[in-house]
Structures are given as structure tokens and as C-alpha cells.
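# Close look at the chain arrangement
Letter by letter, the chains look like this.
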Amino acid sequence: MKETVIGFIGAGNMASSIVRGLIEAGKKPSSIFVTDIDQSKLETLTDETSIKPATTTEVCTFAEVLVLAVKPQVMKVVCLEIADIRASQLIISVAAGIRTTQLENWLNSKSAIVRCMPNTPALIGEGATGLFANNLVNNRQKELAQSIMDAVGLTAWLSNEEDIDTVTALSGSGPAYFFLLMEAMQEVAQELGLEQEVAKNLVYQTAIGASQLARNAEDSVVALRKKVTSPGGTTERAVDEFEAGNLRGLVRNALIAAKDRSLELSEDFSN
Ligand SMILES: NC(=O)c1ccc[n+]([C@@H]2O[C@H](COP(=O)([O-])OP(=O)(O)OC[C@H]3O[C@@H](n4cnc5c(N)ncnc54)[C@H](OP(=O)(O)O)[C@@H]3O)[C@@H](O)[C@H]2O)c1
């Protein structure tokens with residue numbers, strides 16, 4: 001069967017991770033076209049993966065799916081550039097903060113668009129991506145979009161575009177919340193006398209172990225937490241401190257603040 005040709009505009013971090021993931025999943029390099037204004041970035045990726053370097057016009061002509069993987073600030077320029085040369089193929093945007101209606105305005109046509117919100121662990125194939133399809137996207141295109149983003153981790157479809165702002169606050173910004181907790185744990189462990197390297201290794205491994213356990217266990221995270229928390233024990237003391245300090249309230253405020261900021265940024269790009 002003929003392979004779907006996927007075209008990427010932008011060969012930076014996100015595009016490179018998706019391309020590597022697709023090739024690892026068995027996609028033929030000859031069915032991936034990539035362009036970038038930065039020739040050195042393009043060469044690095046094409047040399048490493050044997051995919052085709054291309055011009056923007058070639059990508060727009062040959063690709064059945066166009067993945068727009070440039071920074072939000074340059075998305076307008078890219079859309080205006082491709083508006084007249086592209087066919088009516090599916091557009092996948094990974095740019096934070098740019099709404100599908102905004103993309104349609106810049107592309108100057110009603111288009112099948114899938115908007116994605118990935119996160120940085122996508123760079124190592126462990127991403128979490130929320131996807132939203134506008135009403136022009138058909139089932140085959142949805143499957144195609146999902147298979148592309150599956151190459152860098154887990155995917156979840158959203159039925160409302162507004163939910164992308166919640167996903168941004170949850171998994172988009174989420175890695176930073178875990179890094180902050182890891183940073184704080186590491187600092188205190190050093191204060192209490194552990195060597196830097198020892199504290200770091202134990203914190204990293206605890207984070208990996210806890211997330212793997214949560215992912216593989218049938219129990220919920222509530223049940224897993226209760227299993228570690230023996231009555232009268234050390235964990236209970238620590239958890240009591242977290243609850244007394246209103247950790248849940250802080251998390252709530254933090255996610256709401258991040259969502260509000262995501263909405264503000266989308267408004268800015270719309271103006
Ligand atoms: N990195 C992540 O983990 C992550 C997570 C969530 C969402 N995203 C989204 O993914 C998108 C890409 O992020 P990234 O980190 O991959 O960015 P990046 O590394 O900067 O890659 C974008 C590439 O596009 C190139 N470019 C700029 N204008 C172009 C044009 N007109 N035609 C062709 N190529 C052009 C850039 O070249 P120059 O450098 O020369 O400008 C750069 O090489 C962003 O919109 C971001 O919001 C990324």
C-alpha cells in the first residue's frame with residue numbers, strides 16, 4: 001500500500017522528535033518531507049534519519065498531511081506563505097496558543113485542522129499530547145493525526161477546543177511542576193546531610209519508580225499513596241504536613257493560573 005506522505009514545516013525540537021518516532025515505528029524515510037529556514041538544523045535531521053530535505057513548496061505539493069512545527073510567533077508568516085501553494089491537505093499544528101480559527105484566517109480558507117498540545121517529554125518519546133480536530137477533519141485524517149502524535153508518546157482526543165487550555169495547564173506545563181517538587185526534595189535532602197549526587201539519584205529514581213508504578217498498577221494513585229502511608233509512620237507525618245500546608249489548594253490555584261495565562265496568550269495571538 002502507498003505510504004502517506006507527511007510534510008513538516010520546521011525541523012526543530014518537536015518536528016525532529018516526531019520524525020524520529022515515526023521512523024522508529026517503521027515509517028519509510030522516503031515518505032517524510034521536511035523544510036526549515038535554518039539549513040543546518042535541516043541537514044542535521046536529514047543526515048540522521050535519511051528523510052528528504054525539501055523546500056516549502058515541495059512540502060506543500062507532495063505531502064498529504066502538513067505538520068506546522070514552528071514557534072507560535074512565526075506561525076502567521078508560515079501560514080501566509082503556504083496559503084496559496086498548499087493543496088487542501090490536513091493541517092496539524094503543534095504550536096501553543098494558536099486557535100484553529102486563527103490558523104484558518106491566516107490560511108485564508110476553511111481547512112481540516114488538528115490542533116495539538118504536546119509537552120517536552122515528547123522529545124524522548126514519553127510525551128502526553130491533547131488533540132482537537134475541527135469539524136472538517138474526517139475519521140481517516142483523525143487516525144492519521146493520532147498515528148503521527150502517537151510517535152512521541154500518549155495521545156488523548158478532546159471534544160472542545162477550549163480544553164486545550166486545560167491540557168496546557170495540566171500536561172503542557174506539568175513537567176515543570178514535577179521538576180519543582182524534585183528540586184525542592186533534592187534541596188532538603190542535601191540540607192539534611194546527603195551528598196548532592198546521592199540526593200539527586202534517589203530523587204530521580206523515586207520519581208521514575210512512582211510514575212511507573214502508577215502507570216502499571218491497577219490501583220488508583222489514592223490507593224497507592226495509602227499503601228505507602230502506614231498509620232503512625234513517617235509518610236503519614238509528611239503527608240499531614242502537605243495537607244496542613246494546603247498542597248491541594250496550591251495545585252488548584254497553579255493550574256487555574258496556567259489555564260488563565262494560556263487563554264490570555266491565545267487572545268494575544270488572535271489580535
Ligand atoms: N519543544 C517542545 O517540547 C514543545 C512542547 C509543546 C509545544 N511545542 C510547540 O512546538 C512548536 C515548535 O517548537 P520547537 O521547540 O520544535 O521549536 P524550534 O526548535 O525553534 O523549531 C522550529 C523551527 O522552525 C524554523 N522556522 C522558522 N520559521 C520558519 C519558516 N518560515 N519556514 C520553515 N521553518 C521555519 C525555525 O528556524 P529558526 O530557529 O531559524 O527560527 C526552527 O528551526 C512550537 O510552536 C511550540 O509551541 C513544543
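Overview of the structure.

Parameters at a glance
- Numbering of residues begins from 1 in every chain and follows the order in which that chain's sequence is written.
- The model is predicted, so local features are restricted to residues of pLDDT at least 70 and side-chain atom pairs to those at 80 or more, both for listing and for counting; the totals for chains, interfaces and linings are taken over all residues.
- Only hydrogens and water are removed before side-chain values are computed, so all heavy atoms of the structure are retained for them.
- Residues are classed as near a molecule or strand on a simple rule: at least one heavy atom within 4 Å of it.
- In the analysis that follows, any N or O atom pair within 3.5 Å is treated as a polar contact, provided that within protein one partner can donate a hydrogen and the other can accept it, and provided that, for residues neighboring in sequence, both atoms belong to side chains.
- All accessible-area figures derive from a Shrake-Rupley calculation using a 1.4 Å probe, and residue coverage is judged against the displayed protein chains alone.
- With a 1 Å grid spanning the protein atoms alone, the term cavity applies to any set of points in which a 1.4 Å probe fits but cannot get out, the term pocket to an open set with protein on both sides within 12 Å along at least five of seven lines, and the term lining residue to any residue with an atom within 4 Å of a point.
- The way we define it, a molecule is inside a pocket or cavity when more than half of its atoms are within 2 Å of that pocket's grid points.
- We count a stretch as a helix when DSSP gives it H or I for four or more residues in a row; a strand needs E for two or more, and each element gets its number in order from the N terminus.
- Classes in brief: Ala, Val, Leu, Ile, Met, Phe, Trp, Tyr, Cys and Pro nonpolar; Asp, Glu, Lys and Arg charged; the others, Gly included, polar.
- Under this scheme, a helix contributes an axis fitted over its contacting stretch, all axes are lines through C-alpha atoms, and angles between N-to-C directions fall in the 0 to 180 degree range.
- Comment on the angle field: the value is read as roughly parallel under 35 degrees, roughly antiparallel over 145, roughly perpendicular from 65 to 115, and oblique elsewhere.
- Contacts are residue-level and defined by heavy atoms, with any inter-residue pair within 4.5 Å sufficient.

Looking now at the site of the ligand. Not every one of the 22 residues close to the ligand is listed here, only the nearest: Asn13, Met14, Asp36, Lys41 and Val70. Within the backbone of Met14, a nitrogen or oxygen atom sits 2.7 Å from an oxygen atom of the ligand. One of the side-chain N or O atoms of Lys41 is found 3.0 Å from an oxygen atom in the ligand. Its free accessible area being 890 Å², the ligand has 83% of it covered by the protein chains. Judged by its atoms lying within 2 Å of the grid points, the ligand is housed in the second largest pocket. The set of elements that each furnish at least two residues to the shell around the ligand consists of α1 (13–24) and α4 (72–82). No other element matches α4, which puts four residues into the shell around the ligand. Partitioning the shell around the ligand into residue classes produces 12 nonpolar, five polar and five charged.

At their nearest, the axes of α4 and helix α5 (residues 100–107) sit 8 Å apart, and the two run at 45 degrees to each other. On the basis of their axis angle, the class for α4 and α5 is oblique. The segment α4 lies against α5, with Met75, Lys76, Cys79, Leu80 and Ile82 engaging Leu103, Trp106 and Leu107. Across the contact of α4 with α5, the residue classes break down as seven nonpolar, no polar and one charged.

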